[in-house]
Each structure stands twice: as structure tokens, then as C-alpha cells.
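Okay, here's what each chain looks like letter by letter:
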Amino acid sequence: MGRGRSRLFSDLTLALLLAATALPFLWQLLTSFKPEADLLRLPPFLPERWSLEHYATVLAHPGLARALINSTGICLIATLLALGVGALAAYPLARTPLRGQRLWLAGILGASLLPVIALVSPLYLGIRLLGLRDTWLALILPYLALSLPLTVWLLTAFLRELPREVEEAARLDGCSRFGILWRILLPLAAPGLFSTGVIIFVFNWNEFLLALTFTATDASRTVPVALALFPGIHEVPWGDLAAASIVVSLPPLALILGFHRWVVRGLTLGVLGQR
Amino acid sequence: MTRRPGAWPFLLPAVVVLGAIQLYPTLAVFWLSLERRIPVFEVAEFVGLANYRFLLEDPRFWQALGTTAYFTVVSVGLELLWGGGIALLLHRRRRLRGLLLAGFLLPWALPGVVSAKMFEWLLYPDGGLVNSLLGAAGGPAGINWLGDPAWAIHAVILADAWRTTPFVLLLVLAGLELIPHEVHEAAAVDGAGRWRGFVHVTLPLLAPVLGVALLIRTIDALRVFDVIYVLTGGGPAGTTETLTVYAYRTFFGTLQFGYGAALAVATLLAALILAGGYLRLVAPATRPAAEGA
């Protein structure tokens, strides 16, 4: 096979694979713009008339609007807390000759392998006991804990990348260790903090099991739960569901696609331990 | 630099959070599995190993275990082939690569619930895209994909693999970048041929990365919940009910916290055994991120 033909072959294969990957999403996107009456009539596959009726329904739906607020608040707070707690823990793990360092990191990573189903019942009982059910806190705390292992792991890798000299210089200037972390290392590791934040925000945004269990009303319901429970009393409202799916997917999509280079670098460094 | 005693103030918050919200519940679930516990009615009595004795003779448990194993093996296999294949194709190109990569990553950003809703609509028997295309092509009409036990498990596998393949793609692509360029070229010069070069040169060098991807994805597939809960709810006739879905329904459907805990412990043990097995296989070949800088 000639080089040119082989290139063409690989281009065509890639294009087909990309089309297959995008198809479920594109179909949902097309569906969200189809008027209700045309939904179950195929062909035509493309909308003959583009309509925003489903988006109007979905955005006027109080439960979903509220769920977007809940998800944004819960995930933002959990992410910031995880970055704070994670950066503190990552500092000695990355920058000092700590005894049992590998054991610490292995233990922290091991925590992320625990199936959530093993945690959910004791957490549920604890949350009931504390009267936290159906509050933001009932999700913020577990999300903080669940994203902490990956956060520590990634931030350790990022902090380790920084040159030792900056730290030494600051220490000679009489800077405390907390000051070194806060004023010197974290600003230098800002891209790493940011990509870590993006990754865990998206994981938390998409979490379903705990959100389903610990929420009961619009007061704390997050978007995956609101979408799973989206009202369909007589028939499944496919058009509204499609529009709702697109709306709740926009924040994670924008974050991952907008910052995909950073996310890729973060995961490669953190998971494979390589730059 | 001498060892400083003061790492604890920095580690303490993380240790408290992980201890209270990961370690404590994991230990508590073992205790819970030794009880008959129905929270709403305030029933709590110690019953020893009764829940485990029941579990061993519970056909629904064995079916869920089998379903979980099948789901895990098929979906991870699919992800490796699909994600690895795309990575190999993407690896050699420079033009438009960022854009293509972003396109392939798209499903990974979506919530599992969204993936489930998308496939539910694609597979809708009367008027969904798949059956309409089949009909137009003169294929069989009106297959009830999610209602037929033979199809339903594969539908949920597809919905899950679609969303998780990009993760495997990312790792394999990163692994390929780590292999020095000369190695690929040397193999080509030796006239090893594409396929033999791949099997004898690329694949062994890629093994550690494949191991890590396999470990992470296997553990993740083992605890799958959202796609199945939303797409089939475990049906039809329990054929898509995995361990996590069964345990969840035991907890929050029938409120049997004791037996649910026994099921959760079984899931936990399965994850630990698999992780332990993988680490034995993979660890010697991997340069872990934990290695000193």
C-alpha cells in the first residue's frame, strides 16, 4: 500500500469513527430542535422546521432551573474545598522527604478504588442522624471526599514539577512553610490547580448515585437526578428530554472541550506519572 | 535538607476528610452487614453472618454477579479495542489533531444519565433512530432493544462504553507518545511489517499504560450504576441488574440495610480482589508516579 493511500485510508477511518462517536449526541441535538409533532416521524431525519419550543419548556421548568443552581453551587464549593485540602496534603508529599511517602500516595489512591455503593448506606445513616438530608452539605462533603484522592495525586505530580530553588530562596527569606505553599508554589502551579479543578468539577457534576440518595426535593437535587426524574406522566417527552440533556451537558462540555489540552496534560501527568 | 517533623498539619485535613467520609463508612458497612437493619422502623439487631448465609443461597445475587462480570469484561474489552484503535490512528497525525481529539473526548464530558437518555431515545422501539434506519434498510421491524433480555444488556454496555472509551483513548495516546520515535522507525526499517512491528514492539512498550487503563476502567465498570439504573432499571427480568444496582434497591427500595450492606461488601471485595490481582501483574512494569522526584 502506498503512503498516500494509507494516509487517505487512515483519514477516512478517523472520520467514520468520529461520526460514530458524535452520532448519539448529534441526534439528541437535532431532536431538541424538532417540533413535537415531527418527533416520531422518520424520515426526514433533519428537522423540516427548527423550533425552540423544547428549550422554552425546559428553561421554564422550575425543577431544572433550580437543579442547575444546585449543581453549580455544590460542585463549585466541593471543588474549591478539595483543591484547598488537596494542595495542603500534596505539599509535604511532593516537596519533602516524607517517610512512607509511597505508602501515603498508594493509600490515598486506594481510597478512590472503593465502590461508592459500599459508602452509601453508612453515609445515609450519618446524614439522617445529623439532619443534613436534602441539603447542599449532604453532597458537598461526600464530593469533597470522593474527589480528594485524585486531587492529591494530581497536585502532588504538579508540585513535584516545580524547581526546588524557588522554595529554597523563599525559606532563606524567612517564609513559613505555609507561606511558601500559598504565595510561591501554588501561583506557580496555577495551571495544574486549574486542570485538576476542571476534572473534579466535571466528575462531581456528573455524579448520580449519591445525588439520587441524599436529595429529596428541588432544594438540593442536582442535574443528573433532575434529568433522570424529568416528568413524563403520559408519554416520554422526548423533545423536552433532549433539550434538557443538552442544557445540563453544556457546562461540563464547555469545560472539557475548552480546556482539553490542560485536562489531557493533567491526566497524563497524574495517572501515568509522565509529562 | 533534614527531615522535618511537621508534615502532619498539612496532611491532617485530608486525613480527617478521608477518614470520616471514606474509611469510616467502609468499616461501618462491614458492621452493618452483620445486622438486620431497617432504618425507617428503627429496627437494628445483630444477626451475625445470617446475611452472608442468605447471600450465598440467593439466586438473584449470583445472577447479579454474573451480569456484573459480563458487563465488565465486554465493556472494558470494547473500550480497549475502540479507544486503543482510535489512539493508534490519532498518534501518527499532526494536522487537526487537537480538534479531532476534542471531538473524540466529547462523550466523556457528559453525565452518565445523559448518555442513558440518549441511548433510550436512539433505541426507542416505535420511532427511534435505530429501528427507523433498520426499517428503511429492510431489516427486522420493531425490535424492543431494552425490553428483550438478549439485547438489553448489550444496549447498556454500549451506552456505558460510548461514554468511557475516551478515557482509554487518552491514556493509550499518552502512552504512545512516551515511546521514543526511533523505536517505531527501527521496527519499520527492519521490515517487520506493520502488524508484527505493532505486536512485537509497540504493544510490549505500551503494556504498563494498558495495565493502568485496564485497572481503572475495570474497577469503574464493576461499580456501574447510573447508566443501568436510568436505561433499564435492572430489567428486563433482572437481566441487567448488576451488584451495585441490586444493592441499591435492597437499601432504598426495600430498606433492608443489613442485607444491602452484605451485597455492598461483596462488591467491595470483588473490587479489591481485582485491583490486587492487577497490581501484581502491572506494578513491576510500571514506573509509578509515587517514585521520588
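Remember, it's a predicted structure, so these values are computed and weren't measured experimentally.

Q: How should the packing of helix H3 (residues 62-95) of chain A against helix H1 (residues 8-32) of chain B be read in this particular structure?
A: Put simply, H3 of chain A and H1 of chain B touch, their axes get as near as 7 Å, and they point 125° apart. With respect to their mutual orientation, H3 of chain A and H1 of chain B come out oblique. At the point where H3 of chain A passes H1 of chain B, the crossing takes the left-handed sense. Between H3 of chain A, through Val85, Gly86, Leu88, Ala89, Tyr91 and Pro92 of chain A, and H1 of chain B, the contact on the second element is made entirely by Phe10, Leu11, Pro13, Ala14 and Val17 of chain B. For the contact of H3 of chain A with H1 of chain B, the residue count by class is 10 nonpolar, one polar and no charged.

Q: In this structure, what is going on with helix H6 (residues 137-160) of chain A? I would like to understand it.
A: Given 3.6 residues to a turn, an α-helix orients residues that are three or four positions apart in the same direction. Residues and elements named next belong to chain A. Helix length check: H6 (24 residues) gives 33 Å between terminal C-alpha atoms against 34 Å at 1.5 Å per residue, within 8%. Remark: the principal bend of H6, roughly 40°, maps to Leu148, with a proline, Pro149, within the next four residues. Summarising burial for H6: 22 of the 24 residues are buried, a large majority.

Q: I would appreciate a short explanation of the interface of chain A and chain B in the present structure.
A: Often the size quoted for an interface is simply the accessible area lost on bringing the parts together. With 78 residues of chain A in contact, the opposing surface of chain B contributes 77 residues. In terms of residue count, helix H1 (residues 3-32) of chain A provides more of the side of chain A that touches chain B than any other element does, 12 residues in total. Partitioning the side of chain A that touches chain B into residue classes produces 57 nonpolar, 18 polar and three charged.

Q: How should the nonpolar core be read in this particular structure?
A: One recurring pattern in soluble globular proteins: nonpolar side chains tend to sit buried together. If you look at the biggest cluster of nonpolar residues, it comprises 169 residues, and the most contacted ones within it are Leu144 of chain A together with Ala155, Leu171 and Leu231 of chain B. With sequence-adjacent residues up to four places away left out, Leu171 of chain B is seen in contact with Val271 and Leu272 of chain A together with Val209, Val212 and Ala213 of chain B.

Q: Even after reading the chapter, I still don't get the pairing of strand E2 (residues 43-46) of chain B, so can you show me in this structure?
A: Both faces of the sheet carry side chains from a regular strand, because those side chains alternate between them. Note: strand E1 (residues 35-38) of chain B against E2 of chain B, four bridges, orientation antiparallel. Bridge assignment links Arg36 of chain B to a residue of E2 of chain B, and that residue is Glu45 of chain B.

Q: Before we go on, may I ask you to explain the pairing of E1 of chain B in this structure?
A: Residue alternation in E1 of chain B divides its side chains into a buried set, Glu35 and Arg37 of chain B, and an unburied set, Arg36 and Ile38 of chain B. Where E1 of chain B folds back on E2 of chain B, the antiparallel hairpin that results is connected by four residues, among which Glu42 of chain B adopts a positive phi of roughly 55°.

Q: Explain the packing of helix H4 (residues 97-109) of chain B against helix H7 (residues 149-178) of chain B to me, please; I cannot follow it from the model alone.
A: What describes two packed helices is the angle between their axes and the distance between those same axes. Residue and element names in this part refer to chain B. With their axes 6 Å apart at the nearest point, H4 and H7 run at an angle of 125° to one another. Considering their axes alone, H4 and H7 lie oblique with respect to each other. The element H4 and its partner H7 pack so that their crossing is left-handed. Taking contact as the criterion, the partners of Phe104, Leu105, Pro107 and Trp108 in H4 are, on H7, Trp162, Arg163, Pro166, Phe167 and Leu169.

Q: Which parts of the structure should I look at to understand the confidence of the model for chain B?
A: Atomic detail in the predicted coordinates should be set aside for any region of low pLDDT. Predicted confidence across chain B gives a mean pLDDT of 88, with 92% of residues reaching 70 or more. Note on residues 285-293 of chain B: pLDDT under 50 across the span, and 17 contacts to partners over four residues away in sequence or across chains.

Rules and cut-offs
- Residues numbered from 1 in each chain as written.
- Chains lettered and ligands numbered in written order.
- Predicted model: local features only at pLDDT ≥ 70, side-chain atom pairs only at ≥ 80, totals over all residues.
- Axes fitted to C-alpha atoms, helices over the stretch in contact; angles between N-to-C directions.
- Helix = DSSP H or I, 4+ residues; strand = E, 2+ residues; numbered from the N terminus.
- Parallel < 35°, antiparallel > 145°, perpendicular 65-115°, else oblique.
- Left-handed = near helix turned anticlockwise from the far one by under 90°.
- Contact = placed C-beta atoms within 7 Å.
- Nonpolar A, V, L, I, M, F, W, Y, C, P; charged D, E, K, R; others polar.
- Expected span 1.5 Å × (residues − 1).
- Bend = angle between axes of the 7 residues up to and from the residue.
- Buried ≥ 20, exposed ≤ 12 C-beta atoms within 10 Å, placed from the backbone.
- Core = buried A, V, L, I, M, F, W, Y, C linked by C-beta atoms within 7 Å.
- Pairing = 2+ DSSP bridges.
- pLDDT = per-residue confidence, 0-100.

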